[in-house]
Amino acid sequence: MKHFGNTRPEIEDYMLGLLPTREGVLADMEAHAEREGIPIIGPMVGQFLYTLTLALRAKDLLDVGTAIGYSAMWLGLAAQRNEGRLVTIEKDPGRASWAEAYFRQADMAGTVAVRRGDALVLMNGMEESFDLIFLDVLTQFDSPDTALKMLDLCIRRLRPGGVLLSDNALRSGRVLAPDDPSTEGIAHERPSAAGRAMEAEIAALTRALEHPERPLAAIVGGAKISTKLDLLSNLIAKVDTLV
């Protein structure tokens, strides 16, 4: 059984065994990803995104980092049930084409729109706002400050009360010893401030829940949104003060 790194392999096997069997397009996408070595969130996180989107009754969704469209497919299925829509962004033309083909196969071309290009550029020019944003490009940045710029853009694209979720922010634990620019940007000075940052993160989420009129930053799949307070002043202004 393929593992997706969500937890210990034996626990993951147990949890995967509890999920309904994926058929049709989702099964095709999982086989494609395994065959070509394309990273995907996997069925556990996919089911979580689907269920959460339904529970939130989110209608306008943004997926940043399409790849072949696996996470977008889960979000799109929920958007379809909510009578909503999904915008998904992918800079690789080949992967964007695969995603579009899968959406046509699933008869979701009217629900999901693939936008091709650099996410930072496209999102900076957007005037739309969204109920839910799923960020899945934190492993792809080549300078430490780009991840923080992306988080700021996501917050700006959220509607009041919207939810931001991100994958890969803990980088399989590598935030404790960053070994590439993207991880360094996510975990700037994280080793010396891990405890304080986690406490601040919890406080931010608690305060955001107390103020639903403001955007809510959330955590999913080992991901975290807010890290270093001194580098997230733009986020803090939108989410709430963390001090």
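Note that the coordinates shown come from a computational prediction; the quantities given were computed from them, not determined experimentally.

A. View of unusual backbone geometry. Despite not being glycine, Arg57 shows a phi value in the positive range, around 55 degrees. Considering the arrangement of structural elements, one finds Arg57 in the loop between helix 3 (42-56) and strand 1 (60-64). Relative accessible area serves as the criterion here: at 67%, Arg57 is assigned to the exposed category. One non-glycine residue, Asp107, adopts positive backbone phi at about 60 degrees. Take Asp107: it is sitting in the loop between helix 5 (93-105) and strand 3 (112-116).

B. Up close: the pairing of strand 3. Here 5 bridges tie strand 2 (residues 85-90) to strand 3, and the two strands are oriented parallel to one another. The residue of strand 3 that forms the bridge with Leu86 is Val112. For the crossover from strand 2 across helix 5 to strand 3, the handedness is right-handed.

C. A look at the pairing of strand 1. Most of strand 1 is tucked away: 5 of the 5 residues are buried. Residues Asp60, Leu62 and Val64 of strand 1 are buried on one face, and the alternating residues Leu61 and Asp63, pointing to the opposite face, are buried as well. Across 5 bridges, strand 1 lies against strand 2 in parallel orientation. Residue pairing in the sheet places Leu62 in a bridge with Val87 of strand 2. With 4 bridges joining them, strand 1 and strand 4 (residues 130-135) adopt parallel strand pairing. Note that in strand 4 the partner of Val64 across the bridge is Leu135.

About the cut-offs
Residues numbered from 1 in each chain as written. Predicted model: local features only at pLDDT ≥ 70, side-chain atom pairs only at ≥ 80, totals over all residues. Heavy atoms only, no water. Helix = DSSP H or I, 4+ residues; strand = E, 2+ residues; numbered from the N terminus. Buried < 20%, exposed > 50% of the residue type's maximum accessible area, 1.4 Å probe, protein only. Pairing = 2+ DSSP bridges. Right-handed = clockwise from strand over helix to strand, strands pointing away.

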